Amino acid sequence: MNSHTTYLVFGPSATLKRMSTKMFTEYPPKFLHSRNFESLQTNMDVAVYEEYEKQINSSITLTCIFETSPQHNKIILKKTGGRMGFRGSSLTEQQKIEESVMDFIFDFAKRYGLTVQEETVSDTKEEE
């Protein structure tokens, strides 16, 4: 089982470029690092979201790696931290940051006519 989720978003190049800036404006991360590779026409953004749940005394971190190229956007979401098991169940009704980011991706894609694919990578080795 993979510990991260990968989405590929396809559509017009101008719309793909706006997606990351719109997301980071609507959901500002705690840390953001951006890098532009002009020779490859690719932008890389690494955003770290953190939320603290006082009721269960845990911190949940979501790392979002956003690769923007003229052909597609590749979004990798990696959630870490928190508590597992019985004590880790949330007592709040609030929407978690991971759900908010995923909702934004699907809503933006639907609004602007983009195609979203979840990339599945199997951890089992293929038999030769």
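Preceding this section is the structure that the text describes.
Residue positions are given per chain, counting from 1 as you read along its sequence in written order. In keeping with the model being predicted, local features are shown solely for residues with a pLDDT of at least 70 and side-chain atom pairs are shown and tallied solely at 80 or more, while totals for entire chains, interfaces and linings include all residues. Values reported for side chains reflect all heavy atoms of the structure, with hydrogen atoms and water molecules removed beforehand.

K.L.:
I tried to follow the pattern of salt bridges on my own but got confused; where do I start?
P.N.:
Between side chains of opposite charge, pairing is possible as soon as their charged atoms come close. Salt-bridge detection follows one rule: a side-chain nitrogen of Lys or Arg within 4 Å of a carboxyl oxygen of Asp or Glu. One pass over the full model with this rule turns up 3 salt bridges. Of the charged contacts in the structure, one is a salt bridge between Glu50 and Lys30, with a shortest N-O distance of 2.8 Å. Residue Glu50 is located in strand E3 (residues 42-53), and its partner Lys30 is located in the loop between helix H1 (13-26) and strand E2 (31-37); the two are separated by 20 residues in the primary sequence. Lys30 sits in the exposed class, given a relative accessible area of 51%. In this structure, Lys79 and Glu98 form a salt bridge, with 3.7 Å as the shortest nitrogen-oxygen distance. Only DSSP runs of H or I covering at least 4 residues are called helices, and only runs of E covering at least 2 are called strands; the numbering of each starts at the N terminus. Each residue's exposure class comes from its accessible area (1.4 Å probe, protein chains only) as a fraction of the maximum for that residue type: buried when under 20%, exposed when over 50%, partly exposed otherwise.

K.L.:
Is there a simple way to explain the sheet that holds E2 in this structure?
P.N.:
Two pairing modes exist for strands in a sheet, parallel and antiparallel, and in both the strands are linked by backbone hydrogen bonds. Think of it this way: DSSP has to see at least two bridges between two strands before they count as a pair. Spatially, the 6 strands line up as an open sheet ordered E2-E3-E4-E5-E1-E6, and their pairing is antiparallel. Each having just a single partner strand, E2 and strand E6 (115-119) make up the two edges of the open sheet. Between one strand and the next, the sheet's axes are offset by a mean angle of 15°, whatever the strand orientation. With 5 bridges connecting them, strand E1 (residues 4-10) and E6 associate as antiparallel partners. What sits directly across from Phe10, in E6, is Thr115. Helix-sheet contacts for H1 involve E1, E2, E3, strand E4 (58-68) and strand E5 (72-81), and the interaxial angle to E4 is about 160°. An axis is simply a line fitted to the C-alpha atoms; with a helix, the fit covers only the stretch in contact. Between two such axes, the angle follows the N-to-C directions and lies from 0 to 180 degrees. Note on contacts: a residue pair is in contact if any heavy atoms of the two residues lie within 4.5 Å.

K.L.:
Help me understand the pairing of E3, please; the structure alone is not making it clear to me.
P.N.:
When a strand is regular, its side chains alternate between the sheet's two faces. Here E2 runs beside E3; their pairing, made up of 7 bridges, is antiparallel. Note that in E3 the partner of Phe37 across the bridge is Thr42. With antiparallel pairing between neighbouring strands as the criterion, E2 and E3 make up a hairpin whose turn holds 4 residues, including Gln41 at a positive phi of roughly 55°. Note that E3 and E4 share 11 bridges and pair antiparallel. By the bridge assignment, Glu50 is partnered in E4 with Thr61.

K.L.:
Help me out: how do you make sense of the nonpolar core in this one?
P.N.:
In this structure, Met23, Tyr49, Ile75 and Ile105 are the most contacted members of the largest nonpolar core, which totals 20 residues. If near-sequence neighbours (up to four positions away) are discounted, Ile105 is found in contact with Tyr7, Val9, Met19, Met23, Ile75 and Leu77. In this description, a nonpolar core means a group of buried Ala, Val, Leu, Ile, Met, Phe, Trp, Tyr and Cys residues linked to one another through side-chain atoms lying within 4.5 Å.

K.L.:
Can you help me understand the packing of H1 against helix H2 (residues 97-112) in this one?
P.N.:
Describing two packed helices takes the angle between their axes plus the distance from one axis to the other. Between H1 and H2, the least distance of the axes is 11 Å, while the angle of their chain directions is 140°. Relative to H2, H1 is oriented oblique. Note on packing geometry: the crossing formed by H1 with H2 is right-handed. The residues of H2 that touch H1, namely those facing Thr15, Arg18, Met19, Lys22, Met23 and Glu26, are Val101, Phe104, Ile105, Phe108 and Tyr112. Side-chain classes are defined by residue name, with Ala, Val, Leu, Ile, Met, Phe, Trp, Tyr, Cys and Pro counting as nonpolar, Asp, Glu, Lys and Arg as charged, and the others, Gly among them, as polar. Broken down by class, the residue content of the contact of H1 with H2 amounts to 7 nonpolar, 1 polar and 3 charged. Should an angle lie under 35 degrees it is considered roughly parallel, over 145 roughly antiparallel, and from 65 to 115 roughly perpendicular; all remaining angles are considered oblique. For a crossing to be left-handed, the near helix must be turned anticlockwise from the far one by less than a right angle; the clockwise case is right-handed.

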